[in-house]
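Now for the letters of each chain:
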Amino acid sequence: MTQVLQTVATYRSWRSESVGTNTLGVVPTMGGLHSGHLELVKRALSENDRVVVTVFLNRTQFNKQEDFDKYPAVFAEDLRSLEEIGVDAVFAPSYEEMYPDDYRYRISESKLSSELEGEHRPGHFDGVLTVVMKLLMVADATRAYFGEKDWQQLELVKGLVETFFLPVEIVPCPTVREVSGLAMSSRNRRLSEAALGQAARFNQILNTADSDLLAERKLAEAGFEVEYVADRGDRRLGAVVLEGVRLIDNVERRSNR
Ligand code: PAF
């Protein structure tokens, strides 16, 4: 049976009594679980003796209240899916439990976090890095699983772990996609049928355009509001808005294939 733990103290008791010296995988999530999250969890289950999934809708990483309000909060549904695949524990704390300081203390990175996603979502990565630091400190896990869909987040989390000597291995997991190529995301639930069809063009254009500038132009022509497309190293990253829903994705650049 999956244990639901809502406080740091009860989590720590579970950690010492039920995990002990066994390996532990942690999958941090904000809930609203989809098949992409479940792939991370399955991987964690296959590589560790015990697995904990954190379900915490972290309001400090939302720069728009409206986005926070619209995020799917479906804990009973999430718990059912996690129970079905045999997760050992779910850590689901309240805001007060995670932020006893009401976010007076925070982690911030001063370079990568102000570009791309950071430029369009001021303060977003401070919220992400702060909560990931807290979750990793509490979880005390052997491995932590993050999706490559949030490429910039993944890079920043790797940097966090390295910088603060956190004793956990970060395991990057490939983006899980719909048959159409659309990256799975909790936000996809907010798209109409028609927009879901159109959203598939996002990944196709990122994959096929000859340059980031051309990708931007083609996306605009395909009806997306484009926030950015940028080629960085071996990746092409992009963010667009469709029906008021913000979508992000990244692909390996064609020249590198
Ligand atoms: O990727 C997410 O769902 C969130 O940014 C994370 C890592 C769970 C932190 O709230």
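In case you missed it, the structure is sitting above this.
(A) Structural detail: the site of the ligand. As a structural note, the neighbourhood of the ligand is formed by Pro-28, Thr-29, Met-30, Asn-58, Gln-61, Val-131, Val-132, Phe-146 and Gln-153. In the model, an oxygen atom of the ligand is placed 2.7 Å from a nitrogen or oxygen of the Gln-61 side chain. At 2.7 Å, a side-chain N or O of Gln-153 approaches an oxygen atom of the ligand. Here the ligand has 290 Å² of accessible area as a free molecule, and 90% of this is covered by the chains. Listed by contribution, the elements that provide at least two residues to the shell around the ligand are β2 (24-29) and α7 (124-139). When the residues that make up the shell around the ligand are grouped by side-chain class, the tally is five nonpolar, four polar and no charged.

(B) Expanded view of the packing of α7 against helix α8 (residues 151-163). Orientation of α7 relative to α8, taken along the N-to-C sense of each, is 50°, at an axis distance of 10 Å. As judged from the angle between their axes, α7 and α8 are oblique. Pair α7 / α8 crosses with right-handed handedness. Facing Phe-125, Val-128, Leu-129, Val-132, Met-133 and Leu-136 of α7, the residues of α8 in contact are Gln-152, Gln-153, Leu-156, Val-157, Leu-160 and Val-161. Residues belonging to the contact of α7 with α8 are distributed by class as follows: 10 nonpolar, two polar and no charged.

(C) Fine view of the sheet that holds strand β9 (residues 245-252). Strand order in the open sheet formed by three strands is β7-β8-β9, with antiparallel pairing between adjacent strands. Only two strands of the sheet have a single partner each, and these edge strands are β7 (225-232) and β9. Pairwise comparison of adjacent strand axes, ignoring direction, gives a mean angle of 10° for this sheet. Of the strand pairs in this sheet, strand β8 (residues 235-242) and β9 are connected by eight bridges, and their pairing is antiparallel. Counted as the bridge partner of Ala-239 is Ile-248 from β9. Along the sheet, helix α9 (residues 193-208) makes contact with β7, β8 and β9, crossing β9 at roughly 30°. On the sheet, helix α10 (residues 212-221) packs against β7 and β8 and is oriented at approximately 160° with respect to β7.

(D) Spatial organisation of the packing of aromatic side chains. Tallying each qualifying case throughout the model produces eight aromatic pairs. Ring geometry for Phe-56 against Tyr-99: centres 6.3 Å apart, planes inclined by 35°, an arrangement best described as tilted. One end of the pair, Phe-56, is in the loop between β3 (50-55) and α3 (65-70); the other, Tyr-99, is in the loop between α5 (95-98) and α6 (117-120), and 43 residues separate them in sequence. Site record: aromatic cluster; members linked through ring pairs are Phe-56, Tyr-95, Tyr-99 and Tyr-103. The ring of Tyr-95 has Arg-59 sitting right over it, with the charged end atom 4.0 Å from the ring centre. Positioned over the ring face of Trp-151 is Arg-235, at 4.3 Å from the centre of the ring.

What counts and what doesn't
- Residues numbered from 1 in each chain as written.
- Predicted model: local features only at pLDDT ≥ 70, side-chain atom pairs only at ≥ 80, totals over all residues.
- Heavy atoms only, no water.
- Near = heavy atom within 4 Å.
- Polar contact = N/O pair within 3.5 Å; in protein donor to acceptor, adjacent residues only side chain to side chain.
- Areas by Shrake-Rupley, 256 points an atom, 1.4 Å probe, with all protein chains shown as cover.
- Helix = DSSP H or I, 4+ residues; strand = E, 2+ residues; numbered from the N terminus.
- Nonpolar A, V, L, I, M, F, W, Y, C, P; charged D, E, K, R; others polar.
- Axes fitted to C-alpha atoms, helices over the stretch in contact; angles between N-to-C directions.
- Parallel < 35°, antiparallel > 145°, perpendicular 65-115°, else oblique.
- Left-handed = near helix turned anticlockwise from the far one by under 90°.
- Contact = heavy atoms within 4.5 Å.
- Pairing = 2+ DSSP bridges.
- Phe/Tyr/Trp six-rings, centres within 6.5 Å; stacked < 30°, edge-to-face > 60°.
- Lys NZ or Arg CZ within 6 Å of the ring centre and 35° of its normal.

It is worth stressing that arrangement in space is one thing and function is another; only the former is reported here.
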